[in-house]
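Architecture and fold: a report
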Amino acid sequence: MSWFKRKTKGITTTTQDKKDTPKGLWYKSPTGKIVDADELEKNFYVSPEDGYHVRIGSKEYFEILFDNNEFKELDANLESKDPLKFEDTKKYPDRLKSAQEKTHLKDAIRAAVGKSKGKDIVIACMDFAFIGGSMGSVVGEKIVRAADYSLKHKIPFMIISKSGGARMMEAALSLMQLAKTSVKLAQLAEAGIPYISLCTDPTTGGTTASFAMLGDINIAEPGALIGFAGPRVVKDTTGQDLPEGFQTSEFLLEHGFLDFITERKHLKNKLNQYIDLITNQPLRA
């Protein structure tokens, strides 16, 4: 006797009624480790199997660093224009619109002020999902305005870099942001206001050549790619084989380009510890 007997033939289920496995339940790290998505989130988006730090954006970093995820976003509605009328496979305004719709972000950086371990801090965090975290006029302007807020209110400033470099659609205007942001950070230094730079994977191009390496303390996440040009470009230009681990945060720490490497789960405590040490304040528990 069969366990199941079809009484009606030709039964079909419409596409919208099919019960597929929801996306995002699992994450596979580059080393092949499979991690439950909920477990990954609870572990600060770090694979517990191999310690791989998954790329995250401003939303996740703000959740990690601000107390109770409470903050006020600064200059949230700044958007890039198209003064050069740039067009490649797409017109620049169309590319911006597409990125905004895909990411629900206005540009490749967000800045906010809030409390971290009970004290005020301004954090500007880049989003790689928005045109590769490319640095254009809005990125530079938001950093400068965030730094101005720090200057005015005399509170520490942090930039979290995650960028493929300057935005080619804005040409020389994007390159101007290197000098613009560097000058503003020099004003913070003159005022004695701490500036902490966190380099994450990847930090390349104009960001590395400016604000990413100008911190009072420069820190990085484990295994992050950090450099001006990518390893392939450097190898092709020099014609030499590169050392093992070249341009990883560990390599840069060993060669004096970084002060510390900090795992994401310790980031909030370490950030505030560095600030307390710089400002000669009692260490917060």
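Notes on the structure follow. (Residues numbered from 1 in each chain as written. Predicted model: local features only at pLDDT ≥ 70, side-chain atom pairs only at ≥ 80, totals over all residues. Heavy atoms only, no water.)

The next thing to look at is the overall build of the chain. Regarding its fold elements, the chain presents eight helices and ten strands. A principal-axis box enclosing the C-alpha atoms of the chain has dimensions of 85 × 50 × 45 Å. Counting all 285 residues of the chain, 42% fall into the buried class. Considering only contacts within the chain whose residues lie at least 6 apart along the sequence, 66% involve residues at least 24 apart. Roughly 16,000 Å² of accessible area belongs to the chain as shown, and the carbon and sulfur atoms make up 54% of that amount. (Helix = DSSP H or I, 4+ residues; strand = E, 2+ residues; numbered from the N terminus. Buried < 20%, exposed > 50% of the residue type's maximum accessible area, 1.4 Å probe, protein only. Contact = heavy atoms within 4.5 Å. Areas by Shrake-Rupley, 256 points an atom, 1.4 Å probe, with all protein chains shown as cover.)

Each pair of packed helices can be described by the angle between their axes along with the distance between the axes. The interhelical angle for the contact between helix α2 (residues 58–65) and helix α8 (residues 267–278), taken along N-to-C directions, is 70°, at an axis separation of 9 Å. Classified by the angle between their axes, α2 and α8 sit roughly perpendicular to one another. In this structure, α2 uses Y61, I64 and L65 to contact α8, whose residues at the interface are L267, K268 and L271. Its residues placed into classes, the contact of α2 with α8 shows five nonpolar, no polar and one charged. (Axes fitted to C-alpha atoms, helices over the stretch in contact; angles between N-to-C directions. Parallel < 35°, antiparallel > 145°, perpendicular 65-115°, else oblique. Nonpolar A, V, L, I, M, F, W, Y, C, P; charged D, E, K, R; others polar.)

This part is about the pattern of salt bridges. The full count for this structure, using the stated rule, is 18 salt bridges. Salt-bridge contacts for D75 lead to R145; the nearest nitrogen and oxygen are separated by 3.1 Å. Residue D75 is found in the loop between β3 (71–74) and α3 (92–103), and its partner R145 is found in helix α4 (residues 137–153); the two are separated by 70 residues along the sequence. Residue D75 is classed as partly exposed on the basis of its relative accessible area, which comes to 30%. E141 is the partner of R145 in a salt bridge, and the nearest nitrogen-oxygen pair spans 2.8 Å. Of the two residues, R145 and E141 are both situated in helix α4; the distance of four residues between them amounts to about one turn of the helix. We classify E141 as partly exposed; its relative accessible area is 22%. (Salt bridge = Lys/Arg side-chain N within 4 Å of Asp/Glu carboxyl O.)

Of note, the amide linkage connecting D201 to P202 takes the cis form, showing an omega dihedral of -10°. Mapped onto the elements, P202 comes out in strand β7 (residues 195–204). The backbone of Y45 sits at a positive phi, close to 60°, despite the residue not being glycine. Along the chain, the position of Y45 falls in the loop between α1 (37–42) and α2. If you check the backbone angles, N69 has positive phi at about 55° while not being a glycine. Among the structural elements, N69 can be located in the loop between α2 and β3. Of the residues examined, N69 reaches a relative accessible area of 34% and is grouped as partly exposed.

Relative to the elements of secondary structure, T31 occurs in the loop between β1 (26–28) and β2 (34–36). Counting along the chain gives 18 residues from T31 to E49, while the straight-line C-alpha distance between them is 9.5 Å.

Let's shift gears to α8. Under the 1.5 Å per step criterion, the end-to-end length of α8 is 16 Å for twelve residues, consistent within 8% with the ideal 16 Å. Regarding α8, the residues found buried are L267, L271, N272, Y274, I275 and D276. (Expected span 1.5 Å × (residues − 1).)

The subject of this paragraph is the packing of aromatic side chains. Following the criterion strictly, the structure yields six aromatic pairs and no others. Members of the aromatic cluster, connected to one another through ring pairs, are F62, F66 and F71. Here the guanidinium or amino end of R55 rests over the ring plane of F128, the centre of that ring lying 4.7 Å away. (Phe/Tyr/Trp six-rings, centres within 6.5 Å; stacked < 30°, edge-to-face > 60°. Lys NZ or Arg CZ within 6 Å of the ring centre and 35° of its normal.)

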